[in-house]
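These are the residues of each chain, in order.
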Amino acid sequence: MTAFSPDQTPSADQAREALAAVRTEVAKAVVGQDETVTGLVVALLCRGHVLLEGVPGVAKTLLVRSLAAALDLDHKRTQFTPDLMPGDVTGSLVYDARTAKFEFHEGPVFTNLFLADEINRTPPKTQAALLEAMEEHQVSVEGSPMRLPDPFLVAATQNPVEYEGTYPLPEAQLDRFLLKLIVPLPPRDAEIDVLGRHAAGFDPGDLEAAGIRPVAGPADLRAARAAAAEVRVAPEVLGYIVDLCRATRQSPSLQLGASPRGATALLRTSRAWAWLSGRDYVTPDDVKALAKGTLRHRVALRPEAELEGATSDGVLDGVLASVTVPR
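All figures in this text were calculated on a predicted structure; none of them were measured in a lab.

A. Broad picture of the overall build of the protein. On a plain count of helices and strands, the protein comes out with 13 helices and 11 strands. For 327 residues, the compact-globule estimate of 2.2 N^0.38 gives 20 Å, and the C-alpha radius of gyration of the protein, at 20 Å, lies within 12% of that figure. Summarising its shape, the C-alpha atoms of the protein cover approximately 65 × 45 × 45 Å along the three principal directions. Within the protein, the proportion of its 327 residues that are buried is 48%. Here the analysis covers contacts within the protein between residues at least 6 apart in sequence; of these, 78% occur between residues at least 24 apart. Of the roughly 15800 Å² of accessible surface on the protein, a fraction of 52% belongs to carbon and sulfur atoms. Between the centroid of the 33 positive side chains of the protein and the centroid of its 43 negative side chains there is a distance of 4 Å.

So this is what it looks like as structure tokens:
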């Protein structure tokens, strides 16, 4: 692999090679989360945002910090709590006695990778403060828009096992996330590897000592986005995406199916995945690979289906099995 240079304008192939190397760098600190890293890279290529769900202690925060280091991007983290105010996220006007004027002090959202930790622990008013930033990539101050850096990604985490003191995200806000990625518990071998690293002196707070170095940057992401936008999608594959989303709306287990926005999101993620895989066209397998990550948070189970033990992923597996795959 060629050496990373932040001033270099890479070709599409160089950008793909650099982004592939990101997984190797992140793995120096985070064990067994290649799929999650790939999902975050897909979101960056699509200018989307990611909801990370997993029990405490599976390295969600370390994952985002490591990704930022490997991509040479700025990152900030905010712990979402019940008393967090919107201005604590987006920034606020502060009176300067020296100039007798109000000056805007940027909030932590003004960064490349913003980690919203435990987003479901803060009230809806503060959750909604992220909506404009996520959708428009800007923050409005006294009616004037202030652009956020590019690239910009919100990685929001939520804990699936604690419900007391939480504020579940409404469907309209869930739909703003391009992907919902499940961060699993590591298998036994990977967990032994984690403990071995800690026994050898690994410090999660010192990524430089872990050997993580920048192997890609904003220029690679720009080149990758331009190349991914040129990926061809046959009419049959477009029809397959639509048929999958329509099938979720007709599922007896779901009270809410994927909207046309969900279909558009699946098209975008499938294109990015196809390009990362080295192809300039989308296959049905690309759609299948991204379907659950793109749609699991855009569907809602019926209460009776939940009582019977159904899950969104299980229903989507059934939908994928039932819809005819184009040849």
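B. Molecular detail of the sheet that holds strand β9 (residues 179–182). Pairing is parallel across the open sheet formed by 5 strands, whose spatial order is β2-β5-β8-β1-β9. Only two strands of the sheet have a single partner each, and these edge strands are β2 (75–79) and β9. Across the sheet, the mean angle from the axis of one strand to that of its neighbour is 20°, orientation sign disregarded. Examined bridge by bridge, strand β1 (residues 50–53) and strand β8 (residues 153–158) share 4 bridges and lie parallel to one another.

The rules behind each value
- Residues numbered from 1 in each chain as written.
- Predicted model: local features only at pLDDT ≥ 70, side-chain atom pairs only at ≥ 80, totals over all residues.
- Heavy atoms only, no water.
- Helix = DSSP H or I, 4+ residues; strand = E, 2+ residues; numbered from the N terminus.
- Rg over C-alpha atoms; globule rule 2.2 N^0.38 Å.
- Buried < 20%, exposed > 50% of the residue type's maximum accessible area, 1.4 Å probe, protein only.
- Contact = heavy atoms within 4.5 Å.
- Areas by Shrake-Rupley, 256 points an atom, 1.4 Å probe, with all protein chains shown as cover.
- Lys, Arg positive; Asp, Glu negative; His and termini not counted.
- Charge placed at Lys NZ, Arg CZ, Asp CG, Glu CD.
- Pairing = 2+ DSSP bridges.
- Axes fitted to C-alpha atoms, helices over the stretch in contact; angles between N-to-C directions.

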